Amino acid sequence: MRVLVIFCHPVETSFNAALHQEVLQGLRAAGHEVDDCDLYGEGFNPVLSREERLGYHSVPSNQLPVKRYVERLQWAEGLVFCFPTWCMGLPAMLKGFFDRVLMPGVAFDISDPAHVKPALTHLKHISAVVTYGRPRWVAWYMGDPPRRVIKRYLRLLTGGSARISYHPYYHMNVATPTTLGAFKAKVRAAMERFA
């Protein structure tokens, strides 16, 4: 399977960076063709400009500012996100990716505004490896926005056809080397089973 990995963390020595490596190694060990997109490493600009917003509904010219990322997304059959939860949401860099790349003509067809159609129907499996500083109950109390974006919003954009898997690590603030190691192994195993 052709898999686009979207990694979002600014620190190369972080636990998220270690998880990112587990994702890549697990997918490659399973024989997948991987496109590794490191948003910070590539210098992705998350800011939706005034010009982009004004041309947001003008398909296909709306895709020109992020053409390379659109092409990579359209190439993929699988999608894996690896990111931390900050302030109970997506990191700004990743939110900017969603704002700028998941647009009309790419993620959905809005040519008939009363009947918006999903356009990511080519995706077979979407997965996410996500860390949280707080415990599960706090994320639950806040509605767990990252989980909803991955499991509900992205599923909607595939027309409900993609398999969705979510791999959270809650309460990083009290993590131990043992629990972190066990989670890394869990992520590696999940990526080796990615299909």
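See above for the structure.
Residues numbered from 1 in each chain as written. Predicted model: local features only at pLDDT ≥ 70, side-chain atom pairs only at ≥ 80, totals over all residues. Heavy atoms only, no water.

Peer 1: Explain the nonpolar core to me, please; I cannot follow it from the model alone.
Peer 2: Among soluble globular proteins, nonpolar side chains are generally buried collectively. One finds Phe81 and Leu94 to be the most contacted residues of the largest nonpolar core, which totals 41 residues. Where this core is concerned, the elements lending two or more residues are β1 (2–7), α3 (67–75), β3 (78–84), α4 (92–101), β6 (125–131), α6 (145–157) and β7 (163–169). Ranked by residues supplied to this core, first place goes to α4 with five residues. When sequence neighbours within four positions are dropped, the list of residues in contact with Leu94 reads Ile6, Cys8, Leu39, Phe81 and Phe83. (Core = buried A, V, L, I, M, F, W, Y, C linked by side-chain atoms within 4.5 Å. Buried < 20%, exposed > 50% of the residue type's maximum accessible area, 1.4 Å probe, protein only. Helix = DSSP H or I, 4+ residues; strand = E, 2+ residues; numbered from the N terminus. Contact = heavy atoms within 4.5 Å.)

Peer 1: Help me understand the pairing of β1, please; the structure alone is not making it clear to me.
Peer 2: Consecutive side chains of a regular strand alternate in pointing toward one face of the sheet and then the other. The buried fraction of β1 is high, at five of six residues. With six bridges connecting them, β1 and strand β2 (residues 33–38) associate as parallel partners. Bridge pairing links Ile6 to Cys37 in β2. Remark: the β1/helix α1 (residues 15–29)/β2 crossover connection has right-handed handedness. (Pairing = 2+ DSSP bridges. Right-handed = clockwise from strand over helix to strand, strands pointing away.)

Peer 1: I'm lost on the environment of Phe183 in this one. Help?
Peer 2: If you trace the backbone, Phe183 turns up in helix α7 (residues 177–192). On a C-alpha basis, the gap between Phe183 and Leu19 in space is 8.7 Å, while along the polypeptide they are 164 residues apart. Setting aside anything within four residues of it in sequence, one finds Phe183 in contact with Phe15, Leu19, Val129, His167, Pro168 and Tyr169.

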